[in-house]
Every structure is written in structure tokens, then in C-alpha cells.
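Analysis of the macromolecular model
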Amino acid sequence: MSLAELIQDLLARCDEAAELIYAGQYEEARERLGELWQGVGVRPQVASYPPEIAAEALLRCGSLSGFLGHAQAKDAQEKAKDLLTEALHIFQTLNLKTKVSEAQYELGVCYWRAGADADLVEDQAAKARLYAKDMRIAAQTLADHEGPAPVSAAVQQLATALV
């Protein structure tokens, strides 16, 4: 398998895992992530991947860790927040605003699950809303020009719902 094919496969698996996570099918999402999934809160081995791919894997593993860990372990939310924060920083560096918004949303959910005060959760939500405005504009532009969306199917559905 070529590097380009490997990257496409990893992105496709991450997109499919996102759909499964948002559908509440956590075990199926874990299976779809394959070797990327090392367990609740465990950082996937992504050092050799391009930054955007690494961040996507961190986002999916962090999100799934938050959902699975909510029922399994007390420190799972802290570990999930670590993965999501790392993904967030990479997405910010790459200026991928829709992914920044998605990571901030997932962080807000982790803070909420961990029982953080309302101000901290609202701060994460406010940051996500700022980027959501950009998502709505991008979604409308894509709809107007019928162009392919450079985002996961889950984010594309969210953007479509916002327009």
C-alpha cells in the first residue's frame, strides 16, 4: 500500500469511526479505528503520520475515550482531554477551522462529563460557536458551488444542518 493509500485509508477509518461515535456505536467505532485505538486515554502511535492525519486520529481516540471512559474510569476524561487538546493544537497550527471547532466541542463535552464548572464549559462552547460561524459560511459556499467538502462526513452533516 502506498503512502497516499495509507493516508486515505486512515482518514476513511477516522471518518467512519466519527459516524459510529456520534451514532452511539462505540464498540464498532473502536473496532473501526483498528491499530490506532490502544485503549481509553491511550495516545495512538501517530508520530510518523502527517500532522493533519495525526490530529484526526487523536481527535477520534480522544472523543471515543471520553464516551467509553465516562462509564469506565475516573481519570478517563482527563486522558481524553489530553488527546483532544493535542489534536486541537495541531488543527490550530494547520488553520483547519472546522476541525478546531470539532475539537473544542469534544473538549467541552469532556469538561461537562468531568463535572467542570459551567463557565469553563461555556468558554469551550463559545470558542466552538465562533468557528461554527465560519463552518456555516464554508458550508453555504460549498452548497452554492457544489464542491466537495474537505471535512469528515460528520462535520459535513453538522455544517449542512447549520445552513
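Please refer to the structure placed before this passage.
What counts as what
- Residues numbered from 1 in each chain as written.
- Predicted model: local features only at pLDDT ≥ 70, side-chain atom pairs only at ≥ 80, totals over all residues.
- Heavy atoms only, no water.
- Disulfide = S-S within 2.5 Å.
- Helix = DSSP H or I, 4+ residues; strand = E, 2+ residues; numbered from the N terminus.
- Expected span 1.5 Å × (residues − 1).
- Salt bridge = Lys/Arg side-chain N within 4 Å of Asp/Glu carboxyl O.
- Buried < 20%, exposed > 50% of the residue type's maximum accessible area, 1.4 Å probe, protein only.
- Core = buried A, V, L, I, M, F, W, Y, C linked by side-chain atoms within 4.5 Å.
- Contact = heavy atoms within 4.5 Å.

1. Observations regarding the state of the cysteines
- Applying the stated criterion across every chain yields a total of zero disulfides.
- Looking at C61, it has no disulfide partner, and the nearest cysteine sulfur is the one in C14, 7.1 Å off.

2. Some thoughts on helix 4 (residues 76-93)
- Over its 18 residues, helix 4 runs 26 Å from end to end, which matches the ideal 26 Å to within 8%, given 1.5 Å per residue.
- Where helix 4 terminates, the next one or two residues include N95, which has phi positive at roughly 60 degrees.

3. Structural notes on the pattern of salt bridges
- This model, assessed by the stated rule, comprises ten salt bridges.
- Here K99 makes a salt bridge to E56, at a shortest N to O gap of 2.9 Å. Of the two residues, K99 sits in helix 5 (residues 97-113) while E56 sits in helix 3 (residues 51-72), which places them 43 residues apart along the sequence.
- Here K99 falls in the buried class, since its relative accessible area comes to 6%.
- A single salt-bridge network, built from bridges that share partners, covers E56, R60, K99 and E102.

4. A closer look at the nonpolar core
- By size, the foremost hydrophobic cluster in this structure holds 33 residues, and its most contacted members are L33, L36, V46, Y49, L64 and F91.
- Elements represented by at least two residues in this core include exactly helix 1 (3-22), helix 2 (26-33), helix 3, helix 4 and helix 5.
- A per-element tally of this core places helix 3 first, with nine residues.
- Beyond its immediate chain neighbours, meaning those up to four positions away, F91 contacts E52, A55, E56, L59, L96, K99, V100 and A103.

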